[in-house]
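# Overview (structure and organization)
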Amino acid sequence: MPANNDTNPALNPIQAEPTAQPSSTRRSLFSFLRPSHSHTAASATVLLTLSALLSRVIGLIRDQFIAYKFGAGHSTDAYNIAFILPELINYLLVGGAASITFVTILDRYRANNDEAEGERALSIILNTMVIVLGAAILLAEIYAPLFTRIYFDPASPVGILCTRITRILLPAQLFFFAGGVLASVLLVRKQFSFQAVSPLLYNLGIIFGGVVLAGRMGISSLGVGALIGAILGPFLLNAYGAYRSGVRYKAILDLKHPGLREWVRLSLPLMLGVTIITFDNWILGYFAKHGSGDISRLNYAKRLFTAPMAIIGQAAGAASLPFFASLFGRKQFASFASAVNRSVSRLVAFSLVGSAAMIALAQPAVALIFRRGSFNAADATATAIYFAIFSASLALWTAQAIYARAFYAAGETFAPMLAGTIITVISIPIYWQLHQHFGVIGLAWASNTAILLQTGTLAVLAHRRALVPLSGLDFREISRSLLAAVASFCGIELLLHLMPQSPTHLGNIITLAIGTLIWAALCIAVLQLSGSKLLSQIRSRIA
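So, here is what we can say about the structure in this document. Please read these numbers as outputs of a predicted model, since none were measured by experiment.

### Remarks on the overall build of the chain
Within the chain one finds 23 helices and zero strands. The proportion of buried residues among the 543 residues of the chain is 58%. Residue pairs at least 24 apart in sequence account for 85% of intrachain contacts in the chain once pairs closer than 6 positions are excluded.

### Notes on unusual backbone geometry
The backbone phi angle of Lys331 is positive, close to 65 degrees, even though this residue is not glycine. Tracing the chain through its elements places Lys331 in the loop between α14 (294-329) and α15 (333-360).

### A few points about the side chain of Glu141
When you line up the elements, Glu141 lands in helix α7 (residues 115-148). Here Glu141 occupies a buried position and makes no salt bridge, while the nearest side chain of opposite charge, Arg167, is found at 4.5 Å. Excluding its chain neighbours within four sequence positions, the residues that come into contact with Glu141 are Arg167, Leu170 and Pro171.

### Brief notes about the packing of aromatic side chains
In this structure the tally under the stated criterion is 15 aromatic pairs. Ring centres of Phe147 and Tyr151 lie 6.1 Å apart, and the angle between their planes is 45 degrees; on these two criteria the pair is classed as tilted. Assessed through its relative accessible area of 9%, Tyr151 is described here as buried. Plain terms: the ring middles of Phe324 and Phe336 are 5.9 Å apart, the flat faces sit at 75 degrees to each other, and that makes the pair edge-to-face. With Phe324 in helix α14 and Phe336 in helix α15, this pair connects stretches of sequence that are 12 residues apart. An aromatic cluster is defined as three or more aromatic residues linked by ring pairs; in this entry it consists of Phe147, Tyr151, Tyr286 and Phe287. Note that Lys302 overlies the ring of Phe390, its terminal NZ or CZ placed 4.8 Å from the centroid.

### Brief notes about the nonpolar core
Formed by 125 residues in total, the largest nonpolar core has its most connected members in Phe336 and Tyr431. Considering each element in turn, this core owes the most residues, 12 residues, to α7. Those residues in contact with Tyr431 that lie beyond four places of it in its chain are Ile276, Asp280, Ile283, Leu284, Phe287, Leu443, Ala446, Ser447 and Ala450. Among the nonpolar cores identified, the runner-up in size contains eight residues, and Val526, Leu527, Leu534 and Leu535 belong to it.

Rules and cut-offs
- Starting afresh in each chain, residues are numbered from 1 along the sequence in its written order.
- Since the coordinates come from a predicted model, pLDDT governs what is reported: local features require at least 70, and pairs of side-chain atoms require 80 or more to be given and counted, while whole-chain, interface and lining totals use all residues.
- Side-chain calculation: all heavy atoms of the structure are included, whereas hydrogens and water are not.
- Elements are defined by DSSP. Helices are runs of H or I of four residues or more, strands are runs of E of two residues or more, and each kind is numbered from the N terminus.
- Residue burial is assigned from relative accessible area. The probe radius is 1.4 Å, only protein chains are included, and a residue is buried under 20% of its type maximum, exposed over 50%, and partly exposed in between.
- By the convention used here, residues are in contact when the closest approach between their heavy atoms is within 4.5 Å.
- The convention is simple: Lys and Arg are positive, Asp and Glu are negative, and His and the chain ends are not counted.
- The salt bridge criterion pairs a side-chain nitrogen of Lys or Arg with a carboxyl oxygen of Asp or Glu, the two atoms within 4 Å.
- Two rings belonging to Phe, Tyr or Trp (six-membered ring only in the last case) form a pair when the distance between their centres is within 6.5 Å. Interplanar angles under 30 degrees mark stacking, angles over 60 mark edge-to-face geometry, and anything in between is tilted.
- Should the NZ of a Lys or the CZ of an Arg lie within 6 Å of a ring centre and within 35 degrees of the ring normal, that charge is described as sitting over the ring.
- Residues enter a nonpolar core if they are buried and are Ala, Val, Leu, Ile, Met, Phe, Trp, Tyr or Cys, with the set joined through side-chain atoms within 4.5 Å.

Here it is, written out as structure tokens:
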């Protein structure tokens, strides 16, 4: 659910706009989809939610293809680990969040009516960091086998494959960074259409690479597709959008420019600090490396879990950032805190009822999506268990996305990154201990424990710094949603116990359809009887 302000028409378009005639509605719909359309917080969340939904559908098709073609074994383990070094370089050198920190800077230039200088700062930051990032990528290309050694023997077939795919993926980080900087221009202007489309092109690029080149290159073809997707989606699409908005690139360098220094000041904590948000998959991969296919099965489960997480949480977080930054920049601190708390409360409430269905229907869902080709029934069963465990933490992942962006909007990056680093260090022994005692299932529970520590710390930190008080959360609404989640989960479990199970795809479809109907009916009944506002809020967003 988006963060909005009930007393601010600019942030609550549903209340502010009069009833439109049918022809006006059609014009409004087309303007909503137009790339240059300036969005409200609500419309941006709707657009990015639809984008996330479509992107995750394409992502599931991508994962289905990978599972069907390559299954879960040494080659898919190598493919998954190959992403770590490129992502690590991006994280350490640009904080992995170029657009997040740049939005705050550009918003300040825009508020001061000095967009020309903001454009100059953009070019300087882009040029400087492309040189730095390019040099790091060149070194990584040379020394990639040293990093591979952390996970595999670099001289073994799986190690050689991992190094090859890593080298293919490394240049993509240049295009992700440049695209992130250019995307920030559009975010400041409240234009989200290009950001909505770019991940679709990235996922389509991976599928294209696999379909066209798999016969000649094997699983390395997916790396080529990812590189093509990064160029076409995150980079070229955002570059075109920035050009349309009037931004012109300048080939200049100025290490003393205040915009560059401000960007370094905001981004440096993100570069030096670590968070479990980024390191979770890397830690999971390190401990799961000893079993063939364990890395892949965990990744399939995590990527399936991130579909609803992105649709519910990340879309709202990305849409909310410019509006949070605008409220804080205008020193409307009470409205800022209220908007963050409303957003967190609604997202947590919605996530709780969503988790109930995901946990209860994990087995038929995973079997329907992945069990075909090289991905066998045993792979599907293990993946479903991991997926169900990850799903229990959905509310925590969505809440931390909002809390993190509240800090970024306030220009505070050091405190949350320091806390994140401490939490990550503390969490590593938890992963180790749970893996030792419970195997790969223990790793999934360790991931949930780590995100609990991360989200709880951000919430307490925001409260203690008088940024977002915990007292502003709607605990009654969250409790009603928890009650609905428990009731719907029990109803689905009873259904699965009484209903004969069929291992066929048709049987899984029937189980999912009936289970979803039971879930929806029980959730609606409990929410209405308990006086919850969640249903009316969902209807108002759809309206």
